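# Geometric and topological summary
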Amino acid sequence: MAEETWEVRERNLWSLNLMPVRGTRERLEPLESIEPILMAALHAKINGFLDEETIDRLFKIAEEMNTSETSSNQNNNARIVAPVTEKEIFSPPRPHGLADYDLSAFPMFAKDVDMELEVHFDITGNSITEGKMEDILSCFNDRLSIIRKMLIDSRILPYRHTRIGEVSMNKARFREDETTLIGLVNEPRHTKTGGHLMFTLEDESGTIDCILKNKGDETNEMPVNAGLMPDEVIGITGKLGKGKNDRFVIHDIHPLPPQKHTRNSAPADQAVSVAFLSDVHLGSKTFLEAQWHKMVDWFNTDPLAKTIRYFVISGDGVDGVGIYPNQEKELAIPDLFNQYGGLARLLEPLPDWVDVLLLPGNHDAVRPAEPQPALDKELQQDYNNTTFVGNPCDFSLHGVRILSYHGKSIDDFVSKMRSVSYDRPEAAMRAMIDRRHLAPSWGGKTPLAPEPEDNLVIRTIPDIFVTGHVHGHHVSDYKGVKLIHSSTWQDQTGYQRTLGFQPRPAILTVVNLHTHETASIPFA
């Protein structure tokens, strides 16, 4: 039999959810075979970290199994020839119901590849708004202009679009002829009887009241049931009603497609991975410190971790100070500078080949209005191998385009759309992709900075779209886009307990930039 390499032995250990740590290799590599260890683990249903104590216990179980087998053979008077069949080994179910992964889909060590980062958008140093009315008007006009062009260029509209003012001036014509309008949605609401969707549509030329009637056979995801977001841009087709109120009766709503996106991939000779996390909340009493140290140990010892070249933290690295009433009662670190210094110390033991990208969130010491700039230089001094960017940030790693957004606007999507809940943050992410906008609603739960150009429009569909904020975890594909809702490193808070919300903490999501395969690693 060919001699087993350590890499083969590691894969066999991982198949049984046995996780090597420091010292494991020194104990197991000299053995002629680790099969007795694997059989002992199966027999005793042992998994987890292979520390010294666990290895000693497995050795003892393997010795007992061997002694028992020898004794049994000696007590048999007759010779029995057993059928030569190999016992099929099944991987045990992974914690939290997470999908398994194949290590061969993460083919390259990160230390062999140089950093390749290109930032396409970051508001840091580029904010020019003065918060005046003309800035607000410019922002909304820019949004309408960009997304209207996207709708027209998509060729999904049945008619050439008509200005709202023209419809108002030619009512008789548009009571007979169908037409298509494009505008911003105002005050969407459902009627108490019939569940019809009503709203006002606005463009540069005027406004018009609209109604989409509920026929009773639409799915929950359709706009008539799910609802619309205030201030999103849509296209509609219909006619003016024949009543006195001149309401526009909608026959069809035309959201942006998007068409199936073709993902970019890193070259085969740059097939490294990126890890995603959000909402560390260092400084809170509910920060999961033991699980963090477990993850750092994993980063330094695990075969999969050796493929990770980048580590993206999508906001709320610290819990902050004065974010909500009586927060000081829930803080283990009450000083803001000490919180950021502590976060730097948490990141310091990561392998030197891992580069960190750190975004701010609504708990960080930056302006609350989005888009948010990167952390102040004074707060960056203690960090190594860390690139500070704003929120959101549109960037590429080895040619793979990534849109990272903290996700505060998920609060607005939950409050305004029937199809979105905190248990399903991915529904909000799909809605953002479909609307080509990260935070459309002005005056809602998400503070917005009225930059003359609307920087929250998704101008280019990303290959990977990642959010955080609501402390869930999700990985899926949507129309060619990899959706990742990053896990938190904070246990259930008192506020979440009153809502009955259970977070999904301490799960690291890893994506290979060449194969686009994913792995979700739990540490709690």
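Look up: the structure comes first, before these words.
### Concerning the packing of aromatic side chains
Going through the model one piece at a time under the given rule, you end up with nine aromatic pairs. When the centroid spacing of 5.2 Å and the interplanar angle of 90 degrees are considered together, the rings of Tyr383 and Phe388 count as edge-to-face. One exposure class covers both Tyr383 and Phe388, and it is buried. Ring geometry for Trp489 against Phe523: centres 6.0 Å apart, planes inclined by 45 degrees, an arrangement best described as tilted. Taken together, the positions of Trp489 in the loop between strand E17 (481-485) and helix H14 (494-499) and Phe523 in the segment after strand E19 (518-522) put the pair 34 residues apart, joining distant regions of the chain. Comparing Trp489 with Phe523 shows no difference in burial state: the two are buried. Through pairs of rings, three or more aromatic residues link up here, namely Phe287, Trp292, Trp298, Phe299, Phe311, Trp489 and Phe523. The ring of Tyr310 carries Arg309 above its face, with NZ or CZ at 5.4 Å from the centroid.

### Some details on the environment of Glu232
Here Glu232 is to be found in the loop between helix H8 (223-226) and strand E7 (233-240). Setting aside its immediate chain neighbours within four residues, Glu232 contacts Gly183, Leu184, Val185, Arg435 and Pro440.

### Topic: the nonpolar core
In this structure, Trp292, Trp298, Phe299, Phe311, Trp489 and Leu508 are the most contacted members of the largest nonpolar core, which totals 69 residues. With sequence-adjacent residues up to four places away left out, Trp298 is seen in contact with Trp14, Leu304, Ala305, Ile308, Leu508, Val510, Ile521 and Phe523. Counting residues in each nonpolar core, the second largest holds 25 residues, with Leu403, Ala431, Leu456 and Val481 among its members.

### Overview of unusual backbone geometry
At the junction of Glu370 and Pro371, the peptide bond is cis and its omega measures out at 0 degrees in the coordinates. Mapped onto the elements of the fold, Pro371 is located in the loop between strand E11 (355-359) and helix H11 (377-380). Following Asn391, the chain continues to Pro392 via a peptide bond in cis, the omega torsion being 0 degrees. Of note in this structure, Asp279 is not a glycine but carries a positive phi near 50 degrees. Here Asp279 lies in the loop between strand E9 (273-277) and helix H9 (289-301).

### Some remarks on the sheet that holds strand E6 (residues 206-212)
In spatial order, the strands read E4-E5-E6-E8-E7; together these five strands close into a barrel with mixed pairing. The mean inter-strand angle of the sheet, taken between neighbouring strand axes irrespective of direction, is 55 degrees. Pairing geometry for E7 and strand E8 (residues 248-254), over six bridges, is antiparallel. What sits directly across from Ile236, in E8, is Ile253. With respect to the sheet, helix H5 (residues 133-154) is in contact with strand E4 (179-190), strand E5 (197-203), E7 and E8, its orientation differing from that of E4 by roughly 125 degrees.

### Details of the pattern of salt bridges
Applying the stated criterion across every chain, the model contains 22 salt bridges. We note a salt bridge from Glu204 to Arg163, for which the minimum N-O separation is 2.9 Å. Of this pair, Glu204 sits in the loop between E5 and E6 while Arg163 sits in the loop between H5 and helix H6 (164-169), and the two are 41 residues apart along the sequence. The exposure class assigned to Glu204 is partly exposed, which follows from its relative accessible area of 43%. Arg163 gets classed as partly exposed once you look at its relative accessible area, which sits at 36%. With a closest N to O distance of 2.7 Å, Arg401 and Asp394 form a salt bridge. One network of salt bridges, with partners in common, ties together Arg27, Glu52 and Asp56.

### Things to note about helix H3 (residues 35-44)
All buried positions along H3 are accounted for by Ile37, Leu38, Ala40 and Ala41. For H3, the angular spread of the buried residues around the axis is 160 degrees, confining them to a single face. Exposed side chains of H3 directed beyond 90 degrees from the buried face belong to Glu35 and His43. Downstream of H3 by one or two residues, Lys45 has phi in the positive range, about 55 degrees.

### Examining the side chain of Asp142
Relative to the helices and strands, Asp142 resides in helix H5. Once residues within four sequence positions are removed from consideration, Asp142 is found in contact with Pro452, Glu453, Asp454 and Arg459.

### Notes on the side chain of Ser273
Positionally, Ser273 belongs in strand E9. A distance of 3.2 Å separates polar atoms of two side chains, one belonging to Ser273 and the other to Asn512. Not counting chain neighbours up to four residues away, the residues in contact with Ser273 comprise Phe106, Thr307, Ile308, Arg309, Tyr310, Val510, Val511, Asn512 and Leu513.

Thresholds, definitions, all that
- Within each chain, residue numbers correspond to sequence positions counted from 1 in written order.
- Local features in this predicted model are restricted to residues whose pLDDT is 70 or higher, and side-chain atom pairs enter the listing and the counts only when it is 80 or higher, whereas totals over whole chains, interfaces and linings include all residues.
- With hydrogens and water excluded, all non-hydrogen atoms of the structure serve as input to the side-chain values.
- Ring pairs shown here join Phe, Tyr and Trp side chains whose ring centres sit within 6.5 Å, with only the six-membered ring taken for Trp; geometry is labelled stacked below 30 degrees between planes, edge-to-face above 60, and tilted in between.
- For every residue, the accessible area obtained with a 1.4 Å probe (protein chains only) is divided by the maximum for its type, and the residue is called buried under 20%, exposed over 50%, and partly exposed between those limits.
- Secondary structure counts use DSSP, requiring at least four H or I residues in a row for a helix and at least two E residues in a row for a strand, with both numbered from the N terminus.
- When the NZ atom of lysine or the CZ atom of arginine is within 6 Å of a ring's centre and also within 35 degrees of its normal, the charge is said to sit over that ring.
- Note on contacts: a residue pair is in contact if any heavy atoms of the two residues lie within 4.5 Å.
- Residue types Ala, Val, Leu, Ile, Met, Phe, Trp, Tyr and Cys, when buried and joined through side-chain atoms within 4.5 Å, form a set referred to as a nonpolar core.
- Each pair of strands is called paired provided DSSP finds at least two bridges between the two strands.
- All axes here are fitted lines through C-alpha atoms, helices being fitted over the stretch that makes contact, and every angle between N-to-C directions spans 0 to 180 degrees.
- For this analysis, a salt bridge means a side-chain nitrogen from Lys or Arg found within 4 Å of a carboxyl oxygen belonging to Asp or Glu.
- It is the directions from the helix axis to the C-beta atoms whose arc is reported.
- N or O atoms closer than or at 3.5 Å make up a polar contact, with two conditions inside protein: a donor-capable atom paired with an acceptor-capable one, and, for residues adjacent in sequence, both atoms drawn from side chains.

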